[in-house]
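Chain by chain, the residues:
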Amino acid sequence: MQQSAESTVQLFITHNHLKARFPEIRLDKHMTVEAVKAKINSMTGTSVLSMTLHLQDEAGRLVDVLQEGSRKLGYYSPRDGWRLHVIDTDDSSLSAQGWLEDVSKVTKYVMSEEDYSSRDNTYRKFKEDKLRQDPTWTLEKEMCMRRGQPYTPPAQLGPDYMAAEAGSLSVGQRCCVEPGERRGEIKYVGRVEGLGEGFWVGVAFDEPLGKNDGSAKGKRYFSCPPGHGGFVRPDKVTAGDFPSVDEFASSDLGSEDEI
């Protein structure tokens, strides 16, 4: 910790009602306790009249109670890194009631549907105007137009989404899955409840590069060790001659290019 001048001391501030971490502050040892309280009041919101200050050492042990407002801070021999713990004695204060940190106590402004509808320049009015001009308008389409980029509508899902791609894959085939060129074996081809319409491919990966053990949404489609299973769309799967990778295999242990 950087050594402060002899006439000043750096202290941490804590509060009996507040969880917030206050920054370390530098105080002049010639300040009166009353002046120290006034400075801390601006940080914590606790009034000077309701504030009791406990001087604590680095371990949180009580060193003294700063009771006399006319005494100088230096009288208590505080050291850098010690703590002034604020006790708010007012049970009706904002900090005691939680108003300074519990945002659930704050009444939020809620605009009525009628007030919102009567306003101009809202997103709703903007969207309604765009849809009148173009029934196929979407925000994504609008952003592409503003960037000068071509807009490609998202593929329409359905029960047969990617059926053609799935038709070329069979259970038992070795495969490579993107992204990451993950190798494994196809264990399931078909629809999966809860993962979206269309066809999925269940893969048991050679290495723990998956997210499950062959089950999805509580239903089992195949079995494999935890973390080795995954369900991916058929267009991410390439079936073929993809043997398991032997991490201990080496093409030439005597090669000068490997040490």
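Once that is clear, we can look at unusual backbone geometry. The peptide bond linking E178 to P179 adopts the cis configuration, its omega dihedral lying at 0°. Mapped onto the fold, P179 is located in the loop between β6 (174–177) and β7 (182–190).

Here the focus is the pairing of strand β11 (residues 229–232). Because side chains alternate across β11, one face comprises the buried residues G229 and F231, and the other comprises G230 and V232, equally buried. In the sheet, strand β8 (residues 200–205) pairs with β11 via four bridges, with the strands oriented antiparallel. Within β11, the residue paired with V203 across the bridge is G230.

This next bit is on the sheet that holds β8. Here we have five strands laid out as an open sheet, ordered β11-β8-β7-β6-β12, and antiparallel in their pairing. The open sheet is flanked by β11 and β12 (237–239), the only strands paired with a single partner. Taking the axes of each pair of neighbouring strands and ignoring which way they run, one obtains an average angle of 40° across the sheet. When β7 meets β8, the two strands line up antiparallel, connected through six bridges. Residue pairing across strands places I186 opposite V203, the latter belonging to β8.

So, on to helix α1 (residues 33–44). With 12 residues, α1 extends 16 Å between its outermost C-alpha atoms, agreeing within 8% with the 16 Å of an ideal straight helix rising 1.5 Å per residue. Along α1, the residues that are buried comprise V33, V36, K37, I40 and T44. The buried residues of α1 occupy an angular sector of 100° when projected down its axis, which confines them to one face. The inward-facing, buried residues of α1 abut β1 (8–15), β2 (25–28), β3 (51–56), β4 (62–66) and β5 (83–88). Directly beyond the C-terminal end of α1, a positive phi value near 85° is found at G45.

Of all residues in the chain, 88% attain a pLDDT of 70 or more, and the chain-wide mean is 87. Confidence drops under pLDDT 50 across residues 249–259; counting only partners more than four residues distant or on other chains, this segment forms two contacts.

It is worth spelling out the sheet that holds β4 at this point. Backbone-to-backbone hydrogen bonds join strands into a sheet, with any given pair of strands oriented parallel or antiparallel. Read across the sheet, five strands follow the order β2-β1-β5-β3-β4 without closing on themselves; strand pairing throughout is mixed. Only two strands of the sheet have a single neighbouring strand rather than two, namely β2 and β4. Between one strand and the next, the sheet's axes are offset by a mean angle of 35°, whatever the strand orientation. Across four bridges, the pairing between β1 and β2 is antiparallel. Bridging from a neighbouring strand, T8 pairs with D28 of β2. Against the sheet, α1 touches β1, β2, β3, β4 and β5, its axis set at about 100° to β3.

Rules of the game
- Residues numbered from 1 in each chain as written.
- Predicted model: local features only at pLDDT ≥ 70, side-chain atom pairs only at ≥ 80, totals over all residues.
- Heavy atoms only, no water.
- Helix = DSSP H or I, 4+ residues; strand = E, 2+ residues; numbered from the N terminus.
- Buried < 20%, exposed > 50% of the residue type's maximum accessible area, 1.4 Å probe, protein only.
- Pairing = 2+ DSSP bridges.
- Axes fitted to C-alpha atoms, helices over the stretch in contact; angles between N-to-C directions.
- Expected span 1.5 Å × (residues − 1).
- Arc of directions from axis to C-beta.
- Contact = heavy atoms within 4.5 Å.
- pLDDT = per-residue confidence, 0-100.

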